[in-house]
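Given next are the chains, with one letter for each unit.
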Amino acid sequence: MVNKNDICIETEGVKKVIMNAVSNERSKAVRKVDYNYGIDLLRVLAMIMVIILHLLSHGGIWESSTPLTIHNELAWLLGIGAYCAVNSYALISGYVGYGKKRKYSNLFYLYFQVLFYTLTSTALFAYFKPEWVTIQLVINAIIPFLNNTYWYFIGYFCLFFFMPFFNIALDTFDKVTIEKLLFTMFIIFSLFPTLFHSDIAFTNNGFSFLWLSSMYITGAWIKKRKISEMHYNNKINLLVYLICVIFTWFSKIVIEILNLNIFGNLKDGTYLISYTSPTIIVCSVTLLLFFSRLNCGKCLIKIIRFFAPASFGIYLFHEEPLIKNFLIRNKFEHYLSLNSFLIIPAIIFTALAIGLIGTIIDKIRLKLFNIMRIRQFCCHIENHILNIRQDKL
């Protein structure tokens, strides 16, 4: 005979299985709804901005142009608009990373990405341009930390180990304490260096782990306080961004005119043009807020899904030392001979072309990594490290 209690137990078990399945499906649905494609769109835009900055700086456009000429000022207007790119990436790291568990496997995977680009480029140049490849360059390709190859990756690598502590601090400190911390960082890392035109806080003008950390904390605070969810017109963020860009550009022109009239020279007026500049910080924050509140349509989401995962690969591709020296360094000075109305479109089009090429290359890299099971290998390394730590405990 069948025991009624057994039937009840089995029924309850089936109910639990069904409820768990439904719960899992709901969780997946919630995750899909909650995924912020606007942030990924900002990743893509920020990477195009980074390429624009490198075309202007490494490409020789800024260096070869004379201040107060139309070409120079238009190039700087475009550059100022793009100058918030690095800050935006660091803000995104805090915005996305806050409240999430850190995975060592992700860091290992990024390092393998770096190795793919440095070793592949070194091998290709060793075959086609052997005179360009030295022993030191090969060593730097294997260990990019030795020569500060990819400074952002090295800064992020250091930041990665501090993320849990920053998150704990943000969870532990009260609202007033966090805001005092943010205010202090702004004064010491941004306002004073800008006023005195000196890197008094040793942030290397934003090219450092210290500066990336301050941006991470800011992005995490924006996420925690749910500032992007506040009810106001999103166009305000875009308007503030544009005002800061125009103000920074105008200040450059005014300073250059004053230098010319008072001191008789054409020193550039880039006092407000740095990663640590207050106006550039505001540009970065307003872009983060604007894109975090952006509703993306299905067509745009498809485009974002294609380009966003390759954004880091685009950076690695066009900033690889050999590729940068061969294809970018001082290769775009001739853009200054273009009609003044064409210089900005030409730079943007070139940046988009480099971004597209970098995306295609990174898609190929991704296919190779999937075949080689690099992601699984990184997870295996992480599990092995965690097991060793558990054994020691």
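## Looking at the pattern of salt bridges
Alright, step 1. Under the definition given, this model contains six salt bridges.
Alright, step 2. For Lys324, the salt bridge goes to Glu319, with nearest N and O atoms at 3.6 Å. Residue Lys324 shares its accessibility class with Glu319, and that shared class is buried.
Alright, step 3. Taken together, the shared-partner salt bridges connect Glu73, Lys252 and Glu256 into one network.

## Description of the packing of aromatic side chains
Alright, step 1. One pass over the structure, following the stated rule, counts 35 aromatic pairs.
Alright, step 2. A centroid spacing of 4.9 Å and a plane angle of 85° characterise the contact between Tyr127 and Phe128, whose relative ring orientation is edge-to-face. Both residues of the pair, Tyr127 and Phe128, count as exposed.
Alright, step 3. By way of ring pairs, the aromatic residues Tyr104, Tyr111, Phe145, Tyr150, Phe153, Phe157, Phe160, Phe161, Phe312 and Tyr315 are connected into one cluster.
Alright, step 4. Above the ring of Tyr95, the side-chain terminus of Lys223 is found at 5.2 Å from the ring centroid.

## Looking at a nonpolar patch on the surface
Alright, step 1. A surface patch of nonpolar side chains, amounting to about 680 Å² of accessible area, comprises Leu119, Ile135, Val138, Ile139, Ile142, Ile143, Phe145 and Leu146.
Alright, step 2. Residue contributions to the nonpolar patch peak at four residues, all from helix H7 (residues 135-142).
Alright, step 3. In this fold, Leu119 is placed in helix H6 (residues 104-128).

## A short note on the environment of Lys100
Alright, step 1. Assignment of secondary structure puts Lys100 in the loop between helix H5 (85-97) and H6.
Alright, step 2. Under the relative-accessibility criterion, Lys100 is labelled exposed at 56%.
Alright, step 3. Along the primary structure Lys100 and Asn167 are separated by 67 residues, whereas in three dimensions their C-alpha atoms are 9.1 Å apart.

## Thoughts on the side chain of Thr350
Alright, step 1. Within the secondary structure layout, Thr350 lies in helix H16 (residues 343-372).
Alright, step 2. A polar atom in the side chain of Thr350 sits 2.7 Å from the backbone oxygen of Ala346.
Alright, step 3. Those residues in contact with Thr350, other than ones at most four positions away along the chain, are Leu55, Phe332 and Tyr335.

## Topic: the nonpolar core
Alright, step 1. Counting 103 residues, the largest nonpolar core has Ile52, Ile61, Tyr152, Tyr156, Ile222, Leu288 and Ile347 as its most contacted members.
Alright, step 2. Sorting elements by how many residues they give to this core places helix H2 (residues 37-57) first, with 15 residues.
Alright, step 3. Setting aside anything within four residues of it in sequence, one finds Ile347 in contact with Ile52, Leu55, Leu56, Ile61, Leu78 and Tyr335.

## Here's the deal with the packing of H5 against helix H8 (residues 151-172)
Alright, step 1. At their nearest, the axes of H5 and H8 sit 11 Å apart, and the two run at 30° to each other. Between H5 and H8, the angle falls in the class roughly parallel. In this structure, the crossing between H5 and H8 has a hand that is right-handed. Along the contact surface, H5 presents Val86, Tyr89, Ala90, Ser93 and Gly97, while H8 presents Trp151, Tyr152, Tyr156 and Asn167.
Alright, step 2. When its residues are assigned to classes, the contact of H5 with H8 shows six nonpolar, three polar and no charged.

## Quick notes on the packing of H5 against helix H12 (residues 278-292)
Alright, step 1. Close contact between H5 and H12 brings their axes to 9 Å; oriented N to C, the two are set at 50°. By the angle between their axes, H5 is oblique relative to H12. Viewed along their axes, H5 and H12 form a crossing whose handedness is right-handed. Seen from H5, the contacting residues are Asn87, Ser88, Leu91, Ile92 and Tyr95; seen from H12, they are Ile280, Ile281, Ser284, Val285, Leu288 and Ser292.
Alright, step 2. Among the residues forming the contact of H5 with H12, the class breakdown is seven nonpolar, four polar and no charged.

## A word on the confidence of the model for the protein
Alright, step 1. In this model, the protein carries an average pLDDT of 89, and 90% of its residues clear a pLDDT of 70 or more.
Alright, step 2. With pLDDT under 50 throughout, residues 1-33 is counted as low confidence; its partners more than four residues away or in other chains account for one contact.

Reading the values: rules and limits
- Residues numbered from 1 in each chain as written.
- Predicted model: local features only at pLDDT ≥ 70, side-chain atom pairs only at ≥ 80, totals over all residues.
- Heavy atoms only, no water.
- Salt bridge = Lys/Arg side-chain N within 4 Å of Asp/Glu carboxyl O.
- Buried < 20%, exposed > 50% of the residue type's maximum accessible area, 1.4 Å probe, protein only.
- Phe/Tyr/Trp six-rings, centres within 6.5 Å; stacked < 30°, edge-to-face > 60°.
- Lys NZ or Arg CZ within 6 Å of the ring centre and 35° of its normal.
- Patch = residues over 30% accessible without salt bridge, like charges linked within 9 Å, V, L, I, M, F, W, Y side chains within 5 Å.
- Areas by Shrake-Rupley, 256 points an atom, 1.4 Å probe, with all protein chains shown as cover.
- Helix = DSSP H or I, 4+ residues; strand = E, 2+ residues; numbered from the N terminus.
- Polar contact = N/O pair within 3.5 Å; in protein donor to acceptor, adjacent residues only side chain to side chain.
- Contact = heavy atoms within 4.5 Å.
- Core = buried A, V, L, I, M, F, W, Y, C linked by side-chain atoms within 4.5 Å.
- Axes fitted to C-alpha atoms, helices over the stretch in contact; angles between N-to-C directions.
- Parallel < 35°, antiparallel > 145°, perpendicular 65-115°, else oblique.
- Left-handed = near helix turned anticlockwise from the far one by under 90°.
- Nonpolar A, V, L, I, M, F, W, Y, C, P; charged D, E, K, R; others polar.
- pLDDT = per-residue confidence, 0-100.

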